[in-house]
Amino acid sequence: MVVRVELDAIDMKILRELQGNGRITNVELADRVGISAPPCLRRVRKLEEAGVIRGYRALLNASALGYDLVAFCMVGLKHQSDANLKAFAARTASWPLVREAWMVSGESDFLLQCVAENLASFQDFVIEELTATENVDTVRTMLTIRQVKDACQVEI
């Protein structure tokens, strides 16, 4: 269960700034949000410890690295017991092509975002790994044409 954290206006400013630039120095961050550096650092650490800030990472251009295919897979399981759902969710962690995995409601049980070098490697994954996985009943794939929005930030 996620516990909501009480955030004041300064915390919100800190979060907005860090979403825009996770590499900003503490001194620059403090200046932008209007407080001195030591309390700013304490606030950032508090936000990290509370799980509001989950981490920091570089956003890579997949195409520049040779990963030109993005696809989604809608996966239906034969049985949806808690143990089966947890087992499939855990299995997704071992598939490098799967960049995001969501348990969903509706006609499917999981939605997987996959990034592959090309169509052949994606097809190999679907046929040799995904459909061969125990308890998988159906797999529907959707190849993307182009990304039209990339909003990785949370609106705050």
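Because the structure is a prediction, the values reported are computed rather than measured. (Residues numbered from 1 in each chain as written. Predicted model: local features only at pLDDT ≥ 70, side-chain atom pairs only at ≥ 80, totals over all residues. Heavy atoms only, no water.)

J.: What's the story with the overall build of the chain in this structure? I'm lost.
T.: What the chain contains, in helices and strands, is five helices and four strands. What you see in the chain, going N to C, is helices and strands ordered as α-α-α-β-α-β-β-α-β. Here the C-alpha radius of gyration of the chain, 20 Å, is well above what a compact globule of 156 residues would show, namely 15 Å. With respect to the principal axes defined by its C-alpha atoms, the chain has extents near 55 × 40 × 25 Å. Looking at the 156 residues of the chain, the share that counts as buried comes to 25%. Sequence-distant contacts, at least 24 apart, represent 64% of the contacts inside the chain between residues at least 6 apart. In the chain, which carries 18 positive and 21 negative side-chain charges, the distance between the mean positions of the two groups comes to 6 Å. (Helix = DSSP H or I, 4+ residues; strand = E, 2+ residues; numbered from the N terminus. Rg over C-alpha atoms; globule rule 2.2 N^0.38 Å. Buried < 20%, exposed > 50% of the residue type's maximum accessible area, 1.4 Å probe, protein only. Contact = heavy atoms within 4.5 Å. Lys, Arg positive; Asp, Glu negative; His and termini not counted. Charge placed at Lys NZ, Arg CZ, Asp CG, Glu CD.)

J.: What is the right way to look at unusual backbone geometry in this model?
T.: Glycine aside, residues mostly have negative phi, and peptide bonds are mostly found in the trans state. One non-glycine residue, N135, lies in the positive phi region at around 80°. Structurally, N135 can be placed in the loop between α5 (119-130) and β4 (136-143).

J.: Help me understand the pairing of strand β3 (residues 110-116), please; the structure alone is not making it clear to me.
T.: In the case of a regular strand, side chains alternate between the two sheet surfaces. Most of β3 sits out of view: five of its seven residues are buried. Here seven bridges tie strand β1 (residues 69-77) to β3, and the two strands are oriented antiparallel to one another. By the bridge assignment, C73 is partnered in β3 with L112. By the bridge criterion, five bridges tie strand β2 (residues 98-103) to β3 in an arrangement that is antiparallel. (Pairing = 2+ DSSP bridges.)

J.: Is there a simple way to explain the side chain of T133 in this structure?
T.: Mapped onto the secondary structure, T133 falls in the loop between α5 and β4. Under the relative-accessibility criterion, T133 is labelled buried at 13%. Setting aside anything within four residues of it in sequence, one finds T133 in contact with F88, R91 and W95.

J.: For this particular structure, what's the right way to read the packing of aromatic side chains?
T.: What characterises a pair of aromatic rings is the spacing of the ring centres plus the angle enclosed by the ring planes. The final tally for this structure, using the stated rule, is three aromatic pairs. Considering the side-chain rings of W95 and F125, the 5.4 Å spacing of their centres and the 80° angle between planes classify their relative orientation as edge-to-face. Of this pair, W95 sits in the loop between α4 (82-92) and β2 while F125 sits in helix α5, and the two are 30 residues apart along the sequence. For the pair formed by W95 and F125, the shared burial category is buried. By way of ring pairs, the aromatic residues F88, W95, F110 and F125 are connected into one cluster. One Lys or Arg, R99, reaches over the ring of Y67 and ends 5.3 Å from the middle of that ring. (Phe/Tyr/Trp six-rings, centres within 6.5 Å; stacked < 30°, edge-to-face > 60°. Lys NZ or Arg CZ within 6 Å of the ring centre and 35° of its normal.)

J.: Before we go on, may I ask you to explain the pattern of salt bridges in this structure?
T.: Close approach of charged atoms allows side chains of opposite charge to pair. If you walk through the whole model with that rule in mind, you get eight salt bridges. Residue R32 pairs with E28 through a salt bridge whose shortest N-O separation is 2.8 Å. Note that R32 and E28 are positioned in helix α2 (residues 26-33) at a spacing of four residues, about one turn of the helix. Linking D82 and K86 is a salt bridge whose minimum nitrogen-to-oxygen distance equals 3.1 Å. Separated by four residues within a single helix, D82 and K86 lie in helix α4, roughly one turn from each other. One salt-bridge network, held together by shared partners, links D8, D11, R43 and K46. (Salt bridge = Lys/Arg side-chain N within 4 Å of Asp/Glu carboxyl O.)

Read these as layout, nothing more, since geometry by itself doesn't imply function.
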